[in-house]
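Residue-level structural notes
Here's the letter readout for the chains.
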Amino acid sequence: MPAALLALAISAFGIGTTEFVIMGLLPEVAGDFGVSIPSAGLLISGYALGVVVGAPVLTALASRVPRKTVLVGLMVLFIAGNVVSALAPTYGLLMTGRVVAALSHGAFFGVGAVVASSLVAANKQASAIALMFTGLTVANVLGVPAGTALGQAFGWRSTFWAVSVLGVIGLIGILALVPAQATTKSAGLRSELAVFRRPQVWLALAMTALGFAGVFASFTYIAPMMTEVAGFSPGAVTWLLVLFGGGLFVGNLLGGKAADRALMPSLYVILAVLAAVLIVFVFTAHAQLPASITIAVFGAAGFATVAPLQARVMDKAEGAPALASAANIAAFNLGNAAGAWLGGQAIEAGLGYTAPNWIGAALALAGLLVAVISGMLDRGRRKARRAELAPAA
């Protein structure tokens, strides 16, 4: 794989760390600013909103800018947001820094996926995308636990300074390793917007939103599920999350390789496996060893969807993929928010802490249904094209 993918993966590691590390630092942040834990939790929601808004907007604004230049600008924005967060004297400025950093998130992964796929042959594009997203999975395995430990030992601001340094390393890597020839100008905003007239683009975005809603319906409530149902101690949750992160890492790479061989069949299988694992999780969550094994498999199945879903959107937005690719990152985050809300509604309805697994399975199956419909449209179009060519033959 090209060295440029390493620079993209390092940048993705920094972005993934800053997105999730705040979850482990909420008590410290809340205590420092004298706000409640739920108020501090809004820093997570603010970041997600920044991703949803920034992904399409910044990508659209930069539609005629060379892609390497876009990536450099986004990393500068990311660094600036984290420096503001590290220095923030008030809760409001910390929220501002979080949102500024988040604005770069979706656009970086959207444009980065296009750049990553341009660096390799057509039959390796999904694997290249998966390699870039490996930075995000490693952030969950190493970056988030390390950042949490650093913040707890030396204050939460130290974590944001460390993430800023990671951003600088990623920026230097992009400047040094991403080749200029891989950053040709976009087809323009009008062409980028035109791809949204294609039904298949919207179906691909729906697959993403539904599939990841299924993941986060369960994952959001993994801590109370493991402590209240499986009987783990609160301290064991960190190691269970590391186990989940290991599954993410493996699943991401396997999903990319499978998508290179057969994109849509891979999506059918992965979404079906995800639904099945979530159904099994309803039952295995009641015992510690089966729950631990299921968490790892769940992580693998959940993140095996990422590269194929991103590749599907880019395939259907052929000719102007950057904005659609960024919109898919927004769809991931919309799915995260929707899944978390639906899972929470199930718990509030008194259905128990394993109920989100049923919700997640239903959402994954809905994503599978959309995938099947999309695949049928593909087959119908190919059949019609063969019929048109038959008389000439």
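Residues numbered from 1 in each chain as written. Predicted model: local features only at pLDDT ≥ 70, side-chain atom pairs only at ≥ 80, totals over all residues. Heavy atoms only, no water.

**Considering the nonpolar core**
Nonpolar side chains in soluble globular proteins generally cluster together in the buried interior. Using the following cut-off: What makes a nonpolar core is a set of buried Ala, Val, Leu, Ile, Met, Phe, Trp, Tyr and Cys residues whose side-chain atoms join them at distances within 4.5 Å. Burial classification: accessible surface area is computed with a 1.4 Å probe over protein chains only, and a residue below 20% of its type maximum counts as buried, one above 50% as exposed, and the rest as partly exposed. Runs of E in the DSSP output that reach at least two residues are strands. Runs of H or I that reach at least four are helices, and both are numbered from the N terminus.
Within the largest apolar cluster, 97 residues are counted, with the highest numbers of intra-cluster contacts made by Met226 and Phe298. Here the element with the most residues in this core is helix α5 (residues 91-118); it accounts for 10 residues. The next biggest cluster of nonpolar side chains, apart from the first, holds 15 residues, and it includes Ile22, Ala30, Phe33 and Phe160.

**Comments concerning the packing of α5 against helix α6 (residues 125-154)**
Any two packed helices are characterised by the angle at which their axes cross and by the distance between the axes. Stated formally: Lines fitted to the C-alpha atoms define the axes, with helices restricted to the stretch that makes contact. Angles between their N-to-C directions range from 0 to 180 degrees. Relative orientations are named as follows: roughly parallel for angles under 35 degrees, roughly antiparallel for angles over 145 degrees, roughly perpendicular for angles from 65 to 115 degrees, and oblique for any other angle. Should the near helix be turned anticlockwise from the far one by less than a right angle, the crossing is termed left-handed; should it be turned clockwise, right-handed. A contact between two residues is defined here by any heavy atoms of the two lying within 4.5 Å. In the scheme used here, Gly and all other residues not listed as nonpolar or charged are polar, with Ala, Val, Leu, Ile, Met, Phe, Trp, Tyr, Cys and Pro taken as nonpolar and Asp, Glu, Lys and Arg as charged.
Interaxial distance between α5 and α6 falls to 8 Å at its minimum, and their mutual angle equals 135°. The angle between α5 and α6 places the two elements in the oblique class. Judged by the twist between their axes, the crossing of α5 over α6 is right-handed. In this structure, α5 contributes Phe109, Gly112, Ala113, Ala116 and Ser117 to the contact, and α6 contributes Gln125, Ala128, Ile129, Met132, Phe133 and Leu136. Per-class residue counts for the contact of α5 with α6 are eight nonpolar, three polar and no charged.

**Some words on the packing of aromatic side chains**
Stated precisely, the cut-off is as follows: Each Phe, Tyr or Trp ring, with Trp reduced to its six-membered ring, pairs with another whose centre is within 6.5 Å; inter-plane angles below 30 degrees give stacked pairs, above 60 give edge-to-face pairs, and intermediate values give tilted ones.
Enumeration over the complete set of coordinates arrives at 12 aromatic pairs. A centroid spacing of 5.6 Å and a plane angle of 50° characterise the contact between Phe33 and Trp156, whose relative ring orientation is tilted. Here Phe33 is found in helix α2 (residues 26-33), whereas its partner Trp156 is found in helix α7 (residues 156-177), with 123 residues between them in sequence. Judged by relative accessible area, which is 17%, Phe33 ranks as buried. Judged by centre distance (5.7 Å) and plane angle (85°), the ring pair of Phe216 and Phe219 falls under edge-to-face. Highlighted residues: Phe216 and Phe219, both in helix α9 (residues 199-219), separated by three residues, approximately one helical turn. Residue class for Phe216 comes out buried when judged on its relative accessible area of 12%. Since its relative accessible area comes to 16%, Phe219 is described here as buried. Members of the aromatic cluster, connected to one another through ring pairs, are Phe212, Phe216, Phe219, Phe244, Phe281, Phe298, Phe303 and Phe332.

**As for the packing of α9 against helix α13 (residues 288-303)**
Between α9 and α13, the shortest axis-to-axis distance is 10 Å and the interhelical angle comes to 155°. One way to sum up the angle between α9 and α13 is to call them roughly antiparallel. By crossing handedness, the relation of α9 to α13 is classed as left-handed. Note on element contacts: α13 touches α9 through Phe298, Gly302 and Phe303, opposite Phe212, Val215, Ser218 and Phe219. Classifying every residue of the contact of α9 with α13 by side-chain character gives five nonpolar, two polar and no charged.

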